[in-house]
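Single-letter residue listing:
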Amino acid sequence: MSAPEAVVLAAGEGRRLRPLTAYQPKPMLPVANRPVIDYVIDALVETGVERVVVVVGHRRQRIQTHLTGRYPDLDLTFVSQDTRLGSGHALQQAAGHVDDPFLVVNGDNVIDADDVRAVRSRFDELDAEATVAVTRSETPEEYGVVTLDRGLIADIDEHPVDREGYLVNAGVYVFRESVFPALERTERRNGELHLTDAIGELPGPVTSVFVDGWLDPSTPWGLLTVTAAVLADRTEPRIDSSARVHESAVVAPGAVVGPDCVVGPGVVLGRGTCLQENVHVGANSVVERTVVSTDARIGAGVVLRDSIVGVGAQLADAVVAASGSTDVALDGRLYPDVTFGTVVADRARVGANATLLAGCQVGAEATVGPGVVLTHTVSDQVEVTC
Amino acid sequence: MCGITACVSHGGSIQPLLEGLQRLEYRGYDSAGIAVRNGSGIETMKRVGEVEELVDAVDHLSTESAVFDGPVGIGHTRWATHGGVTDANAHPHVDCTGEIAVVHNGIIDNYDSLKRDLEDRGCRFASETDTEVIPHLIEAGLDEGLSPEAAFRAAASKLSGSYAIAAIVGDRDTIYATRSGSPLVFGLGQGQSFLASDVPAFIQYSDRVIYLHDGDVLTVDLDGYRLTDSAGRPVDREIETVDWDPETATKAGYEHYMLKEIHEQPMSLRETIRGRVGGDGGVDLEAFDPGTFADVDGIHLVGMGTSYHAAMYASTLFTTRDVPAFPYVAGEYGVIKPPVTEDTLVVAVTQSGETADTLDAVRRARAAGARTLAVTNVLGSTITRECDDALFIRAGPEIGVAATKTFSSQVTALTLLCERVVADVTSRRGGDASVLDAVSALPGHVQEVLDTTNAEAVAGDFRGSRAWLFIGRGLGHPVAMEGALKFKEISYEHAEGFAAADLKHGPLALVDEDTPVFAVFTGRDDEATLNNVKEVQARGAPVVAVTDDVDGPIGEFADYVLAIPDTHPDVAGILANVQLQLVAYYAANLMDRPIDKPRNLAKCVTVE
């Protein structure tokens, strides 16, 4: 592949990450203070991609504004998927905007440049019709499980009933323009057009390659795990030069403090904790393995573990979000025994001395009154006073 | 008011010139033209309309006959001042022989007398423009036996007014350029050089630039360049590297630059604020150490258009903190001649830093002994050289003619300046912590407005209204004025902004059921404004309240609410303005207006 171009699929909402995705799409969620989609674009740019078509949909403005500001040198084109009818339908929106052959990458998974290189060189080696990256997952039932036949893709099952395959589709592909007519021929399932279904319709062999840089923050605790994995090798904390951290605060290696943050005296920021941008943390708060998003305000004496705080959320003094092993339901599915604290979504407010039990979620713009012991999830914009 | 470009390139100048003109269209777009020198002399091409018309004409010619190109060329996109919008009045202008071509941005004040002299000497004029005297003056110099450069210098020395000029003279592959009061920047590329009114014209070819000063004369050819002062002595100007890229001037998937820029506000405000809200509750403005303003006993704020509204806003901030401050329309400043002393601080607010009226006001203030401070978006702009100090708003390039993100950043930067000045004047340490907390939360609050706004629905429901009225009190007043200005600029509809208190004293006669009234509530004196709302409602007008009091009395009385987050009254107006930007945008979009290039307007007004 010379002069490579890429399509980044970034139109989805990330339903299992609700309520964090009420106002921002999943590709914009921060992993170690950088939106997921930045990892994708960096991987592409590092391997020489100069032109990227981004398919946007849910809260598209966030992605458009961010990427054009962050990547001024990159030739970016945005196309809109106005109704979300599956990954195949998303790719169809890019038809006519890319030259043969081209990369297609999910915008909501963390990947690295080696993954992209592997897919490209496998495609070039065997001059295939397409190449699909595969990887291993602990939860293959969540992904398209890939069946291989001597290195060629034999089948991708989006709804596997058993877990025998263990190899899953990592969402990094090379296609030719033949994918567009193949998509036309592909049958929709429940009204959705899946990119993986179109692979069986391609007119030539589809090769595969194993990649291991792939991480999918598909659930709130998954976001924390992915963040921890990205920061695992850090031996120093990373503190932005415009942040003000009180000399008595303790910032662990593998913690990240972003621009304009203010960290008060006696604060402890543990490994895997990320304060994104313009976050204020009051005196003596303890924040461990927790993601705190831009503009959030954390009072004094707050304890947060294994939790996620959304953009502009406000936690008053002495709020406690404990972590524990708990069962969590997301998008109609139960996840038993996950180790997790809480989600306080964008612009939610939690009053002083409130306690949020493990597994509770506070919706976007919801309010939890002072002293409340929260034992259940609060929907967006709802107020809980006792 | 116009944009000029020039290019010297082995590879041909036409492509960079046309691209440059397209990027300069924000400076004017009623006609465009180009002149190139090649083996057969100087060829010109001019077209009424947007630069696209010119590009089509050049394409057409190039496919039909010989290629229209040459190693040396000049170009121009016009915003008419002297003479109507015609092909003849479009630049470049040539002399009687057709051997000299000139493009010009600015106004030649003495063109009338120069023109009469030249006509007496037998020159024939083809246009009604002031510019055309320049090629004829150069021609006269050549006739007297001067070299092209000497003739160019002699012509420039006869001009009074404001100008940036680029000229091609005779059979030399050289461009001659100079400026006085209008912007001109030189770009040094690989085997090619550029001149333009603004950096975006050539940034994709070169990021190494020299900002010319008034009186500088530049000669540039394929071998290099020479920069001299008006007397011909060599001058040494620093080559600066510009760090922004042409891709920042793309629409990023938005339908218009204006909508893109509205959505950029959380990001641009973070840049405005970054590092400036200090840890001890004070402000940290790079150039201004504590105590800098200790002697200030009064402030004049000058600006035009949107920048004037930012100046109004800031003067109210200063005044309510007991620092006497007055806003002036900059174009009136030299007319009114307000008295100043050496302890008067004159704050010049201008996005581009090139606004002619504002530059004039500053020159007058300096001459009268006042201290001057520029609040601007553009590094290296003329205002930063004319003023004693500069505070940069760091909003990034703004392409939409209707200012949006730069207003928000101007007001925010002025709010921080106010904290610094008040602390210095009153010798109090630190600023007002509650204001600074609100400033720090502002980018997120603007994002909240963008995430939750119902402005599109409001604009749709009032589609076809006879007039759109905006009222506000205190800091809400400049916001109402700015809301109406935005509306006028891009929708061409009748819109007016008033002080709410003044409503009963005349404007109320405009009010009926077909005139929606937008009332700006800042959280201060809201009860009085609510009484004004009831007055207009009693006359049948629908009221749209911009307020944080969605569930309280204001939300109850208003017919529609545009909600803003609860914040300090000093910054609530910035959030209210974002809602009004969106209403104006969606209303204009429903009417299919050319939002980024409203008729008769230009981004940067470099003429009085």
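Residues numbered from 1 in each chain as written. Chains lettered and ligands numbered in written order. Predicted model: local features only at pLDDT ≥ 70, side-chain atom pairs only at ≥ 80, totals over all residues. Heavy atoms only, no water.

1. Digging into the overall build of chain B
Selection criterion: To qualify as a helix, a DSSP run of H or I must reach at least 4 residues; to qualify as a strand, a run of E must reach at least 2; elements of each kind are numbered from the N terminus. Throughout, radius of gyration means the C-alpha value; the globule benchmark is 2.2 Å times the number of residues raised to the power 0.38. Note on classification: 1.4 Å probe, protein chains only; a residue is buried when its accessible area is under 20% of the maximum for its type, exposed when over 50%, partly exposed between these limits. Contacts were defined at the residue level, with two residues in contact if any of their heavy atoms lie within 4.5 Å.
Tallying secondary structure elements over chain B gives 18 helices and 24 strands in all. Expected size for 608 residues packed as a compact globule is a radius of gyration near 25 Å; at 25 Å, chain B falls within 12% of this value. Each of the three principal axes of chain B carries a C-alpha extent, and together these read 80 × 55 × 45 Å. In chain B, buried positions account for 62% of the 608 residues. When contacts within chain B are restricted to residue pairs at least 6 apart in sequence, those whose partners lie at least 24 apart make up 70%.

2. Digging into the interface of chain A and chain B
Put simply, the rule is: Definition used for salt bridges: Asp or Glu carboxyl oxygen within 4 Å of a side-chain nitrogen of Lys or Arg. Two N or O atoms form a polar contact when they lie within 3.5 Å of each other; inside protein one atom must be a possible hydrogen donor and the other a possible acceptor, and for residues adjacent in sequence the pair counts only when both atoms belong to side chains.
If you look at the interface, chain A gives 25 residues, while chain B gives 24 residues. Linking chain A to chain B there are seven salt bridges. A salt bridge links Asp-451 of chain B to Arg-347 of chain A, with the nearest nitrogen and oxygen atoms 3.1 Å apart. Here chain A and chain B share 14 residue pairs in polar contact (both at pLDDT 80 or more) between them. Ranked by the residues each element gives to the side of chain A that touches chain B, the list is headed by helix 2 (residues 60-70) of chain A, at seven residues.

3. Notes on the packing of aromatic side chains
Which entries qualify depends on this criterion: Aromatic pairing here means that ring centres of Phe, Tyr or Trp (its six-membered ring) are within 6.5 Å. Orientation follows from the plane angle: under 30 degrees is stacked, over 60 is edge-to-face, and everything else is tilted. Whether a charge sits over a ring depends on NZ of Lys or CZ of Arg being within 6 Å of the ring centre and within 35 degrees of the ring normal.
Here the structure, examined in full by the defined rule, presents 17 aromatic pairs over all chains. When the ring of Trp-221 of chain A is compared with that of Phe-340 of chain A, the centres are 5.7 Å apart and the planes differ by 65 degrees; the resulting orientation is edge-to-face. Remark: Phe-340 of chain A occurs in strand 28 (residues 333-340) and Trp-221 of chain A occurs in helix 7 (residues 220-231); sequence separation between them is 119 residues. Here the two residues Trp-221 of chain A and Phe-340 of chain A agree in accessibility, since each one is buried. Ring plane angle 35 degrees and centroid distance 5.9 Å describe the contact between Phe-152 of chain B and Tyr-176 of chain B, whose orientation is recorded as tilted. You can see Phe-152 of chain B sitting in helix 5 (residues 148-158) and its partner Tyr-176 of chain B sitting in strand 8 (residues 174-180), a full 24 residues away along the chain. Neither Phe-152 of chain B nor Tyr-176 of chain B differs from the other in exposure class; each is buried. Above the face of the Tyr-39 of chain A ring, Arg-34 of chain A is positioned so that its terminal group lies 4.8 Å from the ring centre. Above the plane of the ring of Tyr-71 of chain A lies Arg-70 of chain A, whose end atom (NZ or CZ) is 4.8 Å from the centre.

4. Topic: empty space enclosed by the protein
Residues and elements named next belong to chain B. What counts, and what does not: The rule is simple: put a 1 Å grid over the protein atoms alone, call a set of points where a 1.4 Å probe fits but cannot get out a cavity, call an open set with protein on both sides within 12 Å along at least five of seven lines a pocket, and count a residue as lining if it has an atom within 4 Å of a point. Grid points are joined across faces, edges and corners, and a volume is the space filled by probe spheres set on the points. Polar here means any residue outside two lists: the nonpolar Ala, Val, Leu, Ile, Met, Phe, Trp, Tyr, Cys and Pro, and the charged Asp, Glu, Lys and Arg; Gly therefore counts as polar.
Within the structure shown, the criterion is met by four cavities of 30 Å³ or more. Empty space within the largest cavity amounts to approximately 70 Å³. Around the largest cavity, the lining is made up of 13 residues, and of these Cys-2, Thr-81, His-91, Asp-130 and Thr-131 lie nearest the centre. The set of elements that each furnish at least two residues to the lining of the largest cavity consists of strand 4 (72-78) and strand 6 (100-108). Tallied by class, residues from the lining of the largest cavity come to three nonpolar, eight polar and two charged.

5. Focus on a negative patch on the surface
Residue and element names in this part refer to chain B. The condition is simple: Like charges within 9 Å and nonpolar side chains (Val, Leu, Ile, Met, Phe, Trp, Tyr) within 5 Å are joined into patches, using only residues over 30% in relative accessible area that form no salt bridge. Surface exposure here means Shrake-Rupley accessible area, sampled with a 1.4 Å probe, where a residue is shielded only by the protein chains that are shown. Under the convention used here, Asp and Glu are negative, Lys and Arg are positive, and both His and the chain ends fall outside the count. In plain terms, the charge of a residue is placed at NZ if it is Lys, CZ if Arg, CG if Asp and CD if Glu.
A cluster of acidic residues, Glu-52, Glu-53, Asp-56 and Asp-59, forms a negative patch on the protein surface. Secondary-structure assignment places Asp-56 in helix 2 (residues 51-64). Given the relative accessible area of 44%, Asp-56 is considered partly exposed.

6. As for helix 16 (residues 526-538) of chain B
Residue and element names in this part refer to chain B. Note the cut-off: A helix's residues, less one, multiplied by 1.5 Å, set its expected span.
Look at helix 16: 18 Å from first C-alpha to last across 13 residues, which is about the 18 Å you get at 1.5 Å a residue. All buried positions along helix 16 are accounted for by Asp-526, Thr-529, Leu-530, Asn-532, Val-533, Glu-535 and Val-536. Here the buried face of helix 16 lies against strand 20 (468-472), strand 22 (517-520), strand 23 (543-547) and helix 17 (553-557). Backbone geometry just after helix 16 places Gly-540 at a positive phi near 90 degrees.

7. Here's the deal with the packing of helix 15 (residues 476-491) of chain B against helix 18 (residues 569-590) of chain B
All names here are of chain B. Threshold: Only C-alpha atoms enter the line fits that serve as axes; for helices the fit covers just the stretch in contact. Angles between N-to-C directions range over 0 to 180 degrees. Angle categories are assigned with fixed cut-offs, so that under 35 degrees is roughly parallel, over 145 is roughly antiparallel, 65 to 115 is roughly perpendicular, and the rest are oblique. Crossing handedness is read from the near helix: turned anticlockwise from the far helix by less than a right angle, it gives a left-handed crossing, and turned clockwise, a right-handed one.
Contact pair helix 15 / helix 18: the axes reach a minimum separation of 9 Å and the direction vectors enclose 20 degrees. Considering their axes alone, helix 15 and helix 18 lie roughly parallel with respect to each other. Pair helix 15 / helix 18 crosses with right-handed handedness. Only Gly-573, Ala-576, Asn-577, Leu-580, Gln-581, Val-583, Ala-584, Tyr-585, Ala-587 and Ala-588 of helix 18 make contact with helix 15, whose side of the interface consists of Val-479, Glu-482, Gly-483, Lys-486, Phe-487, Ile-490 and Ser-491. Here the residues of the contact of helix 15 with helix 18 sort into 10 nonpolar, five polar and two charged.

8. Topic: the pairing of strand 9 (residues 185-188) of chain B
Residue and element names in this part refer to chain B. Quick reminder of the rule: One bridge is not enough; two strands pair if DSSP finds at least two bridges between them.
Of the two faces of strand 9, both are covered, the one formed by Val-185 and Gly-187 as well as the one formed by Phe-186 and Leu-188. Where strand 9 and strand 10 (residues 192-196) come together, four bridges link them in antiparallel fashion. From the neighbouring strand, Val-185 faces strand 10, where its bridge partner is Ala-196. Count of turn residues in the strand 9/strand 10 antiparallel hairpin: three residues, of which Gly-191 carries a positive phi of about 65 degrees. Here strand 9 pairs with strand 11 (residues 208-211) via three bridges, running antiparallel. Note that in strand 11 the partner of Gly-187 across the bridge is Val-209.

9. Observations concerning the confidence of the model for chain B
For clarity, the cut-off: For every residue, the pLDDT score states the predictor's confidence, bounded by 0 at the bottom and 100 at the top.
Overall, the predicted model of chain B reaches an average pLDDT of 89, with 95% of residues at or above 70. Mean pLDDT per element in chain B: helix 2 of chain B is the minimum at 79, and strand 16 (residues 325-329) of chain B is the maximum at 97.

10. Some remarks on the side chain of Thr-290 of chain A
Residue and element names in this part refer to chain A. For Thr-290, the location among the structural elements is in the loop between strand 20 (286-288) and strand 21 (291-292). Engagement of the side chain of Thr-290 in a polar contact is seen with the backbone oxygen of Glu-288, the distance being 2.8 Å. A polar contact of 3.1 Å, which involves the side chain of Thr-290, links it to the backbone nitrogen of Ser-307. Not counting residues up to four positions away in its chain, the partners in contact with Thr-290 are Leu-224, Gly-272, Thr-273, Cys-274, Leu-304, Arg-305, Asp-306, Ser-307 and Ile-308.

11. What about unusual backbone geometry?
With an omega of 0 degrees, the peptide bond between Arg-18 of chain A and Pro-19 of chain A qualifies as cis. With respect to the helices, strands and loops of the structure, Pro-19 of chain A is situated in the loop between strand 1 (5-10) and strand 2 (30-31). A cis amide bond links His-91 of chain B with the next residue in sequence, Pro-92 of chain B, at an omega value of -5 degrees. We note that Ala-32 of chain A has phi near 50 degrees; this positive angle belongs to a residue other than glycine.

12. Overview of the sheet that holds strand 14 (residues 250-251) of chain A
Residues and elements named next belong to chain A. A sheet is described by the order of its strands in space; here seven strands give the open sequence 14-17-20-23-26-31-34, paired in parallel fashion. Each edge of the open sheet carries a strand with a single partner, namely strand 14 and strand 34 (373-374). Where strand 26 (residues 320-321) and strand 31 (residues 355-356) come together, two bridges link them in parallel fashion. Its bridge partner being in strand 31, Ala-321 is matched across the sheet by Leu-356.

13. Quick word on helix 8 (residues 306-320) of chain B
All names here are of chain B. Given a rise of 1.5 Å per residue, 15 residues ought to cover 21 Å, and the 22 Å separating the end C-alpha atoms of helix 8 matches this to within 8%. Counting buried residues in helix 8 gives 12 out of 15 residues, a clear majority hidden from the surface. Taken residue by residue, helix 8 has Thr-306, Ser-307, Tyr-308, His-309, Ala-310, Ala-311, Met-312, Tyr-313, Ala-314, Ser-315, Leu-317 and Phe-318 as its buried positions. Tucked inside the fold, the buried residues of helix 8 contact strand 15 (298-303), strand 16, strand 17 (344-350), helix 12 (405-426), helix 15 and helix 18. Of the residues one or two after helix 8, Asp-322 is the one with positive phi, at around 70 degrees.

14. A word on the nonpolar core
Which entries qualify depends on this criterion: Residue types Ala, Val, Leu, Ile, Met, Phe, Trp, Tyr and Cys, when buried and joined through side-chain atoms within 4.5 Å, form a set referred to as a nonpolar core.
Of all hydrophobic cores here, the largest spans 119 residues; its most connected members are Leu-44 and Val-54 of chain A together with Ile-299 and Val-347 of chain B. Residue contributions to this core peak at 14 residues, all from helix 18 of chain B. With residues up to four places along the chain from it excluded, the contact list for Ile-299 of chain B reads Phe-318, Val-323, Pro-324, Ala-325, Phe-326, Leu-345, Val-347 and Val-421 of chain B. If you look at the next biggest cluster of nonpolar residues, it comprises 36 residues, including Ala-249, Ala-296, Val-319 and Val-350 of chain A.

15. Brief notes about the sheet that holds strand 6 of chain B
Residue and element names in this part refer to chain B. Pairing is antiparallel in the open sheet, where six strands are placed in the order 5-6-7-8-12-13. Single-partner strands in this sheet number two, and they are strand 5 (93-94) and strand 13 (224-228). The pairing of strand 5 with strand 6 spans two bridges and is classified as antiparallel. Bridge pairing in strand 6 places Val-94 opposite Ala-101. The strands that helix 4 (residues 133-143) touches are strand 5, strand 6 and strand 7 (161-169); relative to strand 6, the one it contacts most, it runs at about 130 degrees. Together, strand 7, strand 8, strand 12 (217-221) and strand 13 form the strand contacts of helix 5, whose direction differs from that of strand 8 by roughly 20 degrees.

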